[in-house]
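Structure assessment
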Amino acid sequence: MMDDQDNAAQKHILYMRQALAEAEKAFLLGEVPVGAVVVLNDVIIGRGHNLRETIQDGSAHAEIIALRQAAALQKDWRLSGSSIYTTVEPCPMCAGALLMFRVENLIYGVKDPKAGAVDSLIDIVRDTRFNHQVKLWRDGRVWLKALDSKSSRRLVPVSGVQIPLSPPKTQQNQDVSPFKEEPLGFFVFLANWQSRGKC
């Protein structure tokens, strides 16, 4: 039984790291750093990161982009049996899209106290008045600590961490990204970003 749980946790870690890689792409573009991946049968079928400012499209959220890519690959708008990994709790638009695309499971990184539509403000994905509900992996944040026990300790004093609000203007932004050394640096970064009103 423990082996099954360990295997599941390792898969969740693997896919959330891919979502973090997408979030880093958004960060390097000067976007709010959110990333998402859609997984079906242990294969990533869709990837996305925020492009709202880049393409001036209010619907260009990471989850929407990943879901559209997955549906195009599957040649079916119904993504039954799929799971989505997103670095931040989905907003009302993205939570609604999870229902419309018939996503089965949601695993997310951090809550969004300003626009979260799963746990923070409202719960769209589990509302039984809709004809579809999305399962939330409730212990999803516990396994994040397994990513890097050293960096997970840094998650506690979030208010004391100073991370720039946008990437420094250099030739190689990759060298200054808060994502490179410690994947969980992203969550500290995002918590600071949220607390300063940038999301």
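Residues numbered from 1 in each chain as written. Predicted model: local features only at pLDDT ≥ 70, side-chain atom pairs only at ≥ 80, totals over all residues. Heavy atoms only, no water.

Glancing now at the confidence of the model for the protein. Do not read the predicted coordinates in detail wherever pLDDT is low. Taken as a whole, the protein shows an average pLDDT of 76; of its residues, 66% reach a score of 70 or greater. Note on residues 139-143: pLDDT is under 50 here. Beyond four places in sequence and across chains, it has nine contacts. This model gives residues 145-176 a pLDDT under 50, and the stretch forms 46 contacts once residues within four places in sequence are excluded. (pLDDT = per-residue confidence, 0-100. Contact = heavy atoms within 4.5 Å.)

An order of 2-1-3-4-5 is seen for the five strands of this open sheet, with the pairing classed as mixed. Either end of the sheet is taken by a strand with one partner, and the two such strands are strand 2 (43-49) and strand 5 (135-136). Of the pairings in the sheet, the one linking strand 1 (residues 35-40) to strand 2 comprises six bridges and is antiparallel in character. In the sheet register, V37 faces strand 2, and the bridge partner there is R47. (Pairing = 2+ DSSP bridges. Helix = DSSP H or I, 4+ residues; strand = E, 2+ residues; numbered from the N terminus.)

All right, on to the side chain of H132 then. Structurally, the position occupied by H132 is in the loop between strand 4 (105-110) and strand 5. In this structure the side chain of H132 is engaged in a polar contact, spanning 2.8 Å, whose partner is the backbone oxygen of V103. Excluding anything up to four places from it in sequence, H132 contacts L98, L99, R102, V103, V125 and D127. (Polar contact = N/O pair within 3.5 Å; in protein donor to acceptor, adjacent residues only side chain to side chain.)

With that settled, the discussion passes to unusual backbone geometry. The residue N41 is not glycine, and still its phi comes out positive at about 55 degrees. Here N41 is to be found in the loop between strand 1 and strand 2.

Attention now goes to the environment of K135. When you line up the elements, K135 lands in strand 5. It is 8.7 Å that separates the C-alpha atoms of K135 and V103, two residues lying 32 residues apart in sequence. Contacts of K135, omitting those with residues within four sequence positions, involve E104, N105 and L106.

Bringing the side chain of D112 into the picture now. Tracing the chain through its elements places D112 in the loop between strand 4 and strand 5. Lacking a salt bridge, the buried D112 has K114 as its closest oppositely charged neighbour, with an N-O distance of 7.3 Å. Only 3.1 Å separates the side chain of D112 from the backbone nitrogen of K114, close enough to count as a polar contact. (Buried < 20%, exposed > 50% of the residue type's maximum accessible area, 1.4 Å probe, protein only. Lys, Arg positive; Asp, Glu negative; His and termini not counted. Salt bridge = Lys/Arg side-chain N within 4 Å of Asp/Glu carboxyl O.)

Here the focus is the pattern of salt bridges. Across all of its chains, the model carries eight salt bridges by this definition. Salt-bridge contacts for K25 lead to E22; the nearest nitrogen and oxygen are separated by 3.0 Å. Of this pair, K25 and E22 both sit in helix 1 (residues 2-28), three residues apart, roughly one helical turn. Classification of K25 by relative accessible area gives partly exposed; the value is 42%. Note that R126 is salt-bridged to D119, the shortest N-O span being 2.9 Å. Linked by salt bridges that have partners in common, E22, K25 and R47 make up one network.

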